[in-house]
Amino acid sequence: MSSTTTHLTVPPAPWKSAFESHISQLPSPEFVFASLAAAPKGSPNPCVPRLRYCIYRGMWGSLPENKHNDAPRNPPIFDSDMPTFTSDVRMQKVGQIFESSAGHAQNDDQVQGSGGGGPVEAVWWIKDTGTQWRMKGEAFVVGNDIDTGASSGVRTVKSEVGRRMRRTDGQGDEKDWSWERELTGHFGNCSPGMRGSWKNPPPGTPTKGQEPDREHQLGQKVEDLHDPIARDNFRVIVIKPEEVEMLDLSDPATARRKLYTFEVDKTQGSETKGEWKVEELWP
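These remarks concern the structure in this document. (Residues numbered from 1 in each chain as written. Predicted model: local features only at pLDDT ≥ 70, side-chain atom pairs only at ≥ 80, totals over all residues. Heavy atoms only, no water.)

This next bit is on the packing of aromatic side chains. Summed over the entire model, instances satisfying the criterion amount to 17 aromatic pairs. Aromatic side chains Phe 19 and Trp 133 sit 5.4 Å apart centroid to centroid with 80° between the ring planes, which places their arrangement in the edge-to-face category. Taken together, the residues Phe 19 in helix 1 (residues 16-23) and Trp 133 in strand 6 (residues 131-142) connect sequence positions 114 residues apart. For the pair shown, Phe 19 and Trp 133 are each scored as buried. (Phe/Tyr/Trp six-rings, centres within 6.5 Å; stacked < 30°, edge-to-face > 60°. Helix = DSSP H or I, 4+ residues; strand = E, 2+ residues; numbered from the N terminus. Buried < 20%, exposed > 50% of the residue type's maximum accessible area, 1.4 Å probe, protein only.)

Have a look at this one:
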């Protein structure tokens, strides 16, 4: 962990336990992820929403256990309330996260590393519990340069994501915690077939009636945790929520909506403490 990373004093989110309990009841932890894309030329609005289904991969900093994952693990000294999922840098969502951020990336070269910070939303519907979870916040992309690069994107990720990481009572020293090791751990938590998908032909490009080249075949299985092509395309996306909304429709007679809002205490003139405020609303 970078010695320059500053962590807010943040207690565990009051919504986290219920959220994880509900997510555990899904056959597959799928959710809808929404980002913003530049609107077509001539549109009355500057941006349009883009949605797709993604797979929740646990909270950043506390990699889920997987007996099939041989990747070295970080010491269990951090936790967070920031959901993660994996993606391919060639997917449009990655570019949109950069383009809609404060940095306003303008070309593909500017979205190849770590960075981002664009506004996003994520929504889960858990049928068995009758609850909907919605998160609003910013998304950050963790790439291969996270521990070796010095770009503004790397600094942004380590600052914005790092400050919301919470120190636990686990054994270990902060200097032994590595962003790159966490990234590789996420790659290892994916199945060989999923890892192979990062060696597919470029997503969304025309086939032109031709077969893909030898290095970009469909249906590959990757065992090597450091496969150069797959790792070059692999990314972890971290959602940093500012609002979390839980809509409970399990009983129509007592239905409620709870809105959790993250606030930073600035009363002492410095931003060192954060907390979640909760408000109960009608559904």
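Okay, back to it.
Let's shift gears to the environment of Arg 163. Locating Arg 163 in the fold gives a position in the loop between helix 3 (152-160) and strand 7 (166-167). If we ignore the near neighbours within four places in the chain, the residues touching Arg 163 are Thr 5, Thr 6, His 7, Leu 8, Lys 158 and Glu 271. (Contact = heavy atoms within 4.5 Å.)

Another aspect to go through is unusual backbone geometry. Backbone geometry places His 104, a non-glycine residue, at a positive phi of 50°. In the Ramachandran plot, Lys 208 falls in the positive-phi region, its phi being about 55° despite a non-glycine side chain. When its relative accessible area of 69% is taken as the criterion, Lys 208 is described as exposed.

With that out of the way, let us pick up the nonpolar core. The biggest cluster of nonpolar side chains holds 34 residues, and the ones touching the most others in it are Trp 15, Phe 19, Phe 31, Phe 33, Trp 124 and Trp 133. The next biggest cluster of nonpolar side chains, apart from the first, holds 25 residues, and it includes Val 142, Ile 146, Trp 177 and Ala 230. (Core = buried A, V, L, I, M, F, W, Y, C linked by side-chain atoms within 4.5 Å.)

Another point: the environment of Arg 257. By secondary structure assignment, the location of Arg 257 is in strand 9 (residues 256-265). Sequence separation between Arg 257 and Pro 76 is 181 residues; the distance between their C-alpha atoms is 33 Å. Non-local contacts of Arg 257, meaning those with residues more than four positions away in its chain, are made with Glu 245, Met 246, Leu 247, Glu 279, Glu 280, Leu 281, Trp 282 and Pro 283. At a separation of 2.7 Å, a polar atom in the side chain of Arg 257 contacts the side chain of Glu 245. (Polar contact = N/O pair within 3.5 Å; in protein donor to acceptor, adjacent residues only side chain to side chain.)

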